[in-house]
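Next come the chains, spelled out residue by residue.
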Amino acid sequence: MLAQRLRLFGVANLRRISLAKSTRSLHCLSSTFPTSAIKKTSFGNLKQHTKSMSTFLEALKEEIAEAEEDGLLVPIDIDELLSESPFDLLSAKNDEGHIVLKNGNAIVTFDPVEFEHSGASESAVPMVVTLSHDQQQLALSCIARMHEDEDEADSGEIEIEQVVLEPLGGSGVNKAEPYSPAIGELSDEMKTSMFEYLHSKGVDDAFAASVVAIASKTEEQMYGNWLKDLQSFVEKEDA
């Protein structure tokens, strides 16, 4: 019986001690962080948040206005940009970004997102030229470049990086990468004849300039659409 009373006494005291500590802790917490300060802080954060949203929206509206003035929101006409080229637009996948052009057995594929300015007066975009024949395809990884000159007309240039011969449709996932020689180590005669071969398929310097122009304008339009989507998101969040 005594042991039981001691156990009960211990439990009762433990509860009283715990309750006293909890009361003191709450008192200290309320003294350190008064409710009025918490309310002021929350209200201040709300005002700062609203101000930031308003500033961001204004910046977006100004940027969109400039984009409209520069024609970045006007859909591009790829056929018009290819008016002087033998290539036709085969497909333009807006969700993936790939643009595919075709001329006879020559197919050119490039992604406008990969468009870049290589300098103050030079722009470039990677592209792949595929020529198919008799269950095989010749795939040439190239760079289309355009040099901008204030005193002269813009000029295009084709740069060949890799040339592989593979089965039609590609070498496959589980197969080894097809061989390609180092283009820079080929003889001048080989390189010249390779460029002439591409030119005969319509892939020449003028075509390179057209590809860069298409990639540049497509990338600009994607930027304009991104601005509008971003504005719509922020406006819905602010509503």
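Just so it is clear, the structure is predicted and the values come from calculations on it, not from any experiment. (Residues numbered from 1 in each chain as written. Predicted model: local features only at pLDDT ≥ 70, side-chain atom pairs only at ≥ 80, totals over all residues. Heavy atoms only, no water.)

## Digging into the layout of surface pockets
Operational definition: The rule is simple: put a 1 Å grid over the protein atoms alone, call a set of points where a 1.4 Å probe fits but cannot get out a cavity, call an open set with protein on both sides within 12 Å along at least five of seven lines a pocket, and count a residue as lining if it has an atom within 4 Å of a point. Grid points are joined across faces, edges and corners, and a volume is the space filled by probe spheres set on the points. Put simply, DSSP H or I for four residues or longer makes a helix, DSSP E for two residues or longer makes a strand, and each gets a number counted from the N terminus. Residue type decides the class: Asp, Glu, Lys and Arg count as charged, Ala, Val, Leu, Ile, Met, Phe, Trp, Tyr, Cys and Pro as nonpolar, and the leftover types, Gly among them, as polar.
The space that makes up the largest pocket amounts to roughly 330 Å³. Those elements giving two or more residues to the lining of the largest pocket turn out to be helix 3 (78–81) and helix 5 (205–238). The element contributing the most residues to the lining of the largest pocket is helix 5, with eight residues. Counted by class, the lining of the largest pocket contains nine nonpolar, seven polar and five charged residues.

## Digging into the environment of L81
Stated precisely, the cut-off is as follows: A 1.4 Å probe rolled over the protein chains alone gives each residue an accessible area, and that area as a share of the maximum for its type sets the label: buried under 20%, exposed over 50%, partly exposed in between. Residues count as neighbours in contact if any of their non-hydrogen atoms are within 4.5 Å of one another.
As for its placement among the helices and strands, L81 is situated in helix 3. By relative accessible area, L81 is classed as partly exposed at 26%. For the pair L81 and S210, spaced 129 residues apart in the sequence, the C-alpha separation amounts to 6.4 Å. Contacts of L81, omitting those with residues within four sequence positions, involve S210, A213, I214 and K217.

## A short note on the side chain of S180
Structurally, the position occupied by S180 is in the loop between strand 7 (155–167) and helix 4 (188–200). Non-local contacts of S180, meaning those with residues more than four positions away in its chain, are made with Q162, V163 and V164.

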